[in-house]
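So you can see what is in the structure, the chains are spelled out below.
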Amino acid sequence: MKKLFALLLALVMVLSLTACLDNKSEDDLRGDQIVNGTSSTVSQPEFSLGSTSGLTYENKFIGIGCKLDSDWTFYTDEEIRELNNVTADLAGEEFEDILKNSAVIYDMFASHSNETDNINVNLEKVNPLTLAAIDLTENYKQLMPTMKQGFENMGYKNIQMKTGTVTIDGKDFASMSTSGEIGEFKMYQTAFCLKCNGYIANITITAFDKDAVDTILDKFYLVK
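Because the structure is predicted, anything quoted here is derived from the model rather than measured.

Each value, and the rule that gives it
- Residues numbered from 1 in each chain as written.
- Predicted model: local features only at pLDDT ≥ 70, side-chain atom pairs only at ≥ 80, totals over all residues.
- Heavy atoms only, no water.
- Patch = residues over 30% accessible without salt bridge, like charges linked within 9 Å, V, L, I, M, F, W, Y side chains within 5 Å.
- Areas by Shrake-Rupley, 256 points an atom, 1.4 Å probe, with all protein chains shown as cover.
- Salt bridge = Lys/Arg side-chain N within 4 Å of Asp/Glu carboxyl O.
- Lys, Arg positive; Asp, Glu negative; His and termini not counted.
- Charge placed at Lys NZ, Arg CZ, Asp CG, Glu CD.
- Helix = DSSP H or I, 4+ residues; strand = E, 2+ residues; numbered from the N terminus.
- Buried < 20%, exposed > 50% of the residue type's maximum accessible area, 1.4 Å probe, protein only.
- Contact = heavy atoms within 4.5 Å.
- Arc of directions from axis to C-beta.
- Polar contact = N/O pair within 3.5 Å; in protein donor to acceptor, adjacent residues only side chain to side chain.
- Phe/Tyr/Trp six-rings, centres within 6.5 Å; stacked < 30°, edge-to-face > 60°.
- Disulfide = S-S within 2.5 Å.
- Pairing = 2+ DSSP bridges.
- Axes fitted to C-alpha atoms, helices over the stretch in contact; angles between N-to-C directions.
- Core = buried A, V, L, I, M, F, W, Y, C linked by side-chain atoms within 4.5 Å.

Draft legend 1. Quick peek at a negative patch on the surface. Taken together, the side chains of Asp209, Asp211, Asp214 and Asp218 define an acidic patch exposed on the protein surface. Relative to the elements of secondary structure, aspartate 211 occurs in helix α7 (residues 210-217). With a relative accessible area of 56%, aspartate 211 lands in the exposed category.

Draft legend 2. Layout of the environment of isoleucine 119. Looking at where isoleucine 119 falls in the secondary structure, it is placed in strand β6 (residues 118-125). Sequence separation between isoleucine 119 and glutamine 189 is 70 residues, and the spatial gap between their C-alpha atoms is 9.8 Å. Setting aside its immediate chain neighbours within four residues, isoleucine 119 contacts Leu68, Trp72, Met108, Phe109, Ala110, Thr204, Ile205, Ile216 and Phe220.

Draft legend 3. Layout of the environment of cysteine 193. Assignment of secondary structure puts cysteine 193 in strand β9 (residues 185-196). Distance from cysteine 193 to threonine 204, taken between C-alpha atoms, is 8.6 Å for residues 11 residues apart in sequence.

Draft legend 4. Representation of α7 in the model. Among the residues of α7, Ala212, Val213, Ile216 and Leu217 are the ones counted as buried. Along the axis of α7, the buried positions cluster into a sector of 135°, meaning they face one direction only. Facing away from the buried side of α7 by more than 90 degrees, the exposed set consists of Lys210 and Asp211. Buried residues belonging to α7 abut β4 (72-74), β6, β7 (157-168), β9, β10 (199-207) and β11 (220-222). At the N-terminal boundary of α7, the capping side chain belongs to aspartate 209, with an oxygen 3.1 Å from the backbone nitrogen of aspartate 211.

Draft legend 5. Layout of the packing of aromatic side chains. All chains considered together, the criterion is met by 8 aromatic pairs. Each ring, one from tyrosine 75 and one from phenylalanine 109, has its centre 4.6 Å from the other, and the planes form 50°; the classification is tilted. On the criterion of sequence distance, the pair formed by tyrosine 75 in the loop between β4 and α3 (77-83) and phenylalanine 109 in strand β5 (residues 104-112) is long-range, its members being 34 residues apart. The class for tyrosine 75 is partly exposed, based on a relative accessible area of 23%. Among the aromatic residues, ring-to-ring pairing joins Phe47, Phe61 and Tyr199 into one connected group.

Draft legend 6. Up close: the state of the cysteines. The final tally for this structure, using the stated rule, is 0 disulfides. Of the cysteine sulfurs around cysteine 193, a residue in no disulfide, the closest is that of cysteine 196, at 9.9 Å. Using a relative accessible area of 2% as the deciding quantity, one classes cysteine 193 as buried.

Draft legend 7. Focus on the sheet that holds β10. Read from one edge of the open sheet, 7 strands run β4-β5-β6-β10-β9-β8-β7, paired in antiparallel fashion. Two strands in the sheet have a free side with no partner beyond their single neighbour: β4 and β7. Sheet twist, expressed as the average angle between the axes of neighbouring strands with direction ignored, equals 20°. Of the pairings in the sheet, the one linking strand β8 (residues 171-182) to β9 comprises 8 bridges and is antiparallel in character. Pairing of serine 175 across the sheet is with phenylalanine 192, part of β9.

Draft legend 8. The arrangement of the nonpolar core in detail. In this structure, Ile62, Ile64, Met108, Ile119, Phe173, Phe192 and Phe220 are the most contacted members of the largest nonpolar core, which totals 34 residues. Formed by 20 residues, the second largest nonpolar core is a distinct cluster that contains Leu143, Ile159, Ala174 and Ile182.

Set out below in C-alpha cells:
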C-alpha cells in the first residue's frame, strides 16, 4: 500500500504548472519578450530524452543529472514507455519524435528499496511565448490549492505547502515543499523546476522521512 501511495504522489506532479497563468494574449506575451530582449525565433537545442547508465541518470537537454546508490532502481525503458502511453515496439528516434510533441513527457522514475521514496522527472511542453512570461515561484503559489486538493483526495491530512528554492551545484531553482499525513505515516515531498528550450522540467522527490528528501537532493548535479 505504501508503494501505491508513493507512486500516486509522484504522478500528481503531471498537473500542468502553467494552468494558473494570467490570461495574457499572445501579443502581450510577445511584447514581454521584446522588452526582455529575447525572441521566439532563437534556435533551440534539439529535444532529447535523458538516459540511465547503472545508477546514474543524465539529461543533457535539461541539464540535470543524479547519481543514486545501490538501494535505488530506475524504471526500464519499457516501463517509461508505458508511463508515456507509447506502444512497446517503438524506441530510439521514433519514440522521441512522438514524445517531443506530447503535453507531458515522463523522462525518469526511480524507486527506493523501502518502497516509499521515489524520484520523478517529467517535461511539460510550453509555448515559447508563454514560457517567457512564467514566474515559476509565483506559478507554484497559484498551483497550491489544486495540489492540496489532490492530496486530500488521496486521503492525506494536515497538508502543509510552501515555496522556496533548492540549490544544485550552486544554482538556485524554484521549488515547492509539501508535507502531509496518511494513517501513521508522514510524507515529505519537494518539487523543483526549470525552464529549458520550450519545456518546463519538473523534478519531484517524495519520501516518508524528512531527512531523506535532503539526502536525495544532494544526489543531483548540473550536466554541462
